[in-house]
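Each chain, written out:
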Amino acid sequence: MDDNRPLLAPDAVWEEDWFALETLDADTLAIGEPLYFQCNWSYLISDGDHSLLFDTGCGQVPISPVVNRHRRAGLKVLPSHMHYDHLGGIGAFDPVIIADLPVLRACVDGEVLVPTEDLFLGTKHGLAVPRISVTEWVKPQSWIDVGTRRLQVLHTPGHSPDSISLWEPARKRLFAADFLYRGALYAQVPGASLRAYYASCQMLLELLPGDAAIFGAHGQPDAQGRSMAPELGMSDLADLAAMLERLVTSPPAEAGEFKVNARMNLAYSPERP
Ligand SMILES: [Zn+2]
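What this report covers is the structure whose coordinates are included nearby.

Criteria and thresholds
Residues numbered from 1 in each chain as written. Predicted model: local features only at pLDDT ≥ 70, side-chain atom pairs only at ≥ 80, totals over all residues. Buried ≥ 20, exposed ≤ 12 C-beta atoms within 10 Å, placed from the backbone. Helix = DSSP H or I, 4+ residues; strand = E, 2+ residues; numbered from the N terminus. Pairing = 2+ DSSP bridges. Core = buried A, V, L, I, M, F, W, Y, C linked by C-beta atoms within 7 Å. Contact = placed C-beta atoms within 7 Å. Axes fitted to C-alpha atoms, helices over the stretch in contact; angles between N-to-C directions.

### Structural notes on the pairing of strand β16 (residues 173-177)
(1) Moving on: For β16, the tally of buried residues reaches five of five residues, placing the bulk of the element in the interior.
(2) Moving on: Two strands pair when backbone bridges link them, and strand β15 (residues 164-168) and β16 are joined in this way by three bridges, in the antiparallel orientation. For Trp167, the partnering residue across the bridge sits in β16 and is Leu174.
(3) Moving on: Here β15 folds back onto β16, and the loop between the two strands holds four residues, one of which, Lys172, carries a positive phi near 50 degrees.
(4) Moving on: Two strands pair when backbone bridges link them, and β16 and strand β18 (residues 213-216) are joined in this way by four bridges, in the parallel orientation. Within β18, the position partnered with Ala177 by the bridge is Gly216.

The following block contains the structure:
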């Protein structure tokens, strides 16, 4: 196993022969899946006796043993959006917080959220649609308390209509999930919208300070082949906004992948204006 495993950042360790655990600070753990083709990263945010898990991994290997090893007494789970590769282990957790968005409320059947295939995208990969028992709805712009830490829920559509990000002003960190990460950003999938993506970029550029760090939910290895939590910065956000503005203003006729900068590409389709 060891021979096939990719290199990790110097301060990261393997667990369960699948997860890469990287300590962002004493209370913030990035949980990566470098062996999964999409190199997912979930985040365990803790303080005092409380933890918040932002995304539950791709599900190929259950994430709950790792989370239970490192969580505090009170754990809440919040998915960034309904794509299949972020909900993998969600059935193992309770309570589950869901962003209070009309597109998600429309998926509620009784007390249970069942995402549409356009939101889930996993059926064609042979995955069963999850049935999520919603414990609590959290409105965009509102705050989630994790001990003394406060994180603001921001609706950041573009990659998908239900995408949210978490902003923590005290540590100047944005957990942006699939909105911004290292690799190819998807603006071509069902539910994606270039105009929404651009508007979300503009909102974040106005809200966040210039030295904010942005942690995404996927991270292709760096130039040295090392897997690490995908940290980007405000200049990356500005580069993405500039690319989106170009594509919104003069949309190319053909689908394709455009280079945003050395760390990101953007997959584009004229069908997702
Ligand atoms: Zn996604």
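### Examining the nonpolar core
(1) Moving on: Ile31, Phe54, Phe175, Ala176, Leu180, Ala187 and Leu244 are the most contacted members of the largest nonpolar core, which has 75 residues in total.
(2) Moving on: The dominant element in this core, judged by the number of residues it contributes, is helix α4 (residues 194-207), at six residues.

### Comments concerning the environment of Asn40
(1) Moving on: Relative to the assigned elements, Asn40 resides in strand β5 (residues 40-47).
(2) Moving on: With 28 C-beta atoms packed within 10 Å, Asn40 lands in the buried category.
(3) Moving on: Along the sequence, Asn40 and Leu207 sit 167 residues apart, while their C-alpha atoms lie 26 Å from each other.
(4) Moving on: In contact with Asn40, other than residues within four places in its own chain, are Glu33, Gly57, Cys58, Asp85, Ala217 and His218.

### Examining unusual backbone geometry
(1) Moving on: In this structure, the amide linkage connecting Asp94 to the following residue, Pro95, adopts the cis form with an omega of 10 degrees.
(2) Moving on: Here Pro95 lies in the loop between β7 (74-78) and β8 (97-99).
(3) Moving on: For Ala177, which is not a glycine, the phi torsion comes out positive at approximately 50 degrees.
(4) Moving on: With respect to the helices and strands, the residue Ala177 is situated in strand β16.

### Some points on the sheet that holds strand β4 (residues 28-33)
(1) Moving on: A sheet is described by the order of its strands in space; here six strands give the open sequence β2-β3-β4-β5-β6-β7, paired in mixed fashion. Taken across any chain shown, the strands that pair with only one partner, and hence form the sheet edges, are β2 (12-15) and β7. Mean inter-strand twist for the sheet, computed between neighbouring axes without regard to direction, equals 25 degrees.
(2) Moving on: Across five bridges, β5 lies against strand β6 (residues 50-54) in antiparallel orientation.

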